[in-house]
Amino acid sequence: MDADLFWAALALVLVFEGLFPLLAPGAWRRTFAQLVAMRDGQLRFFGLCSLVVGLLLFWVVR
C-alpha cells in the first residue's frame with residue numbers, strides 16, 4: 001500500500017467522523033449516549049458489522 005493512499009484514507013475517515021457532530025450535535029450526543037449504555041456484546045457486534053461492511057466495501061472498490 002502506498003503511504004500517500006494510507007494518509008488520504010485516514011484523512012477521509014477523520015472528515016466523516018467530524019461531519020455528524022458538526023451538522024447535528026444534539027443527535028450525535030443522543031446516539032453516543034445510547035452507545036455508552038449498550039452492553040459489551042452489543043458493541044462488539046456493532047463493531048464486527050462495521051468491520052465486515054468496511055472490508056466488503058474496500059474489496060468492491062479495489
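One can find the structure itself at the top, above this paragraph.
Residues numbered from 1 in each chain as written. Predicted model: local features only at pLDDT ≥ 70, side-chain atom pairs only at ≥ 80, totals over all residues. Heavy atoms only, no water.

Chemist: Looking at this structure, how should I read the overall build of the chain?
Modeler: For the chain, the count of helices and strands is three helices and zero strands. With the C-alpha coordinates of the chain rotated into their principal frame, the extents come out at 40 × 30 × 15 Å. Within the span of the chain, comprising 62 residues, buried residues form 0% of the whole. Only carbon and sulfur atoms are counted for the fraction: they give 74% of the accessible area of the chain, which is about 5800 Å². With 5 positive and 4 negative side-chain charges, the chain shows a spacing of 16 Å between the two charge centroids. (Helix = DSSP H or I, 4+ residues; strand = E, 2+ residues; numbered from the N terminus. Buried < 20%, exposed > 50% of the residue type's maximum accessible area, 1.4 Å probe, protein only. Areas by Shrake-Rupley, 256 points an atom, 1.4 Å probe, with all protein chains shown as cover. Lys, Arg positive; Asp, Glu negative; His and termini not counted. Charge placed at Lys NZ, Arg CZ, Asp CG, Glu CD.)

Chemist: How do you make sense of the packing of helix α1 (residues 3-23) against helix α2 (residues 25-37) when you look at a structure like this?
Modeler: Two quantities define a packed helix pair, namely the angle between the axes and the distance from one axis to the other. Relative to each other, α1 and α2 sit at 115°, their axes nearing to 5 Å. The angle between α1 and α2 falls in the class roughly perpendicular. Together, F20, P21, L22 and L23 of α1 and P25, A27, W28 and T31 of α2 make up the contact between the two elements. When its residues are assigned to classes, the contact of α1 with α2 shows seven nonpolar, one polar and no charged. (Axes fitted to C-alpha atoms, helices over the stretch in contact; angles between N-to-C directions. Parallel < 35°, antiparallel > 145°, perpendicular 65-115°, else oblique. Contact = heavy atoms within 4.5 Å. Nonpolar A, V, L, I, M, F, W, Y, C, P; charged D, E, K, R; others polar.)

Chemist: Teacher, can you tell me more about the packing of aromatic side chains here?
Modeler: Note on aromatic pairs: each is described by the distance of the centres and the angle between the planes. This structure, assessed with the given rule, holds two aromatic pairs. Summarising the aromatic geometry, the rings of F6 and W7 are spaced 5.0 Å apart at their centres and angled 75° between planes, so their arrangement reads as edge-to-face. The exposure class assigned to F6 is partly exposed, which follows from its relative accessible area of 42%. By relative accessible area, which is 53% here, W7 ends up exposed. (Phe/Tyr/Trp six-rings, centres within 6.5 Å; stacked < 30°, edge-to-face > 60°.)

Shape is all these values report; function is a separate question.
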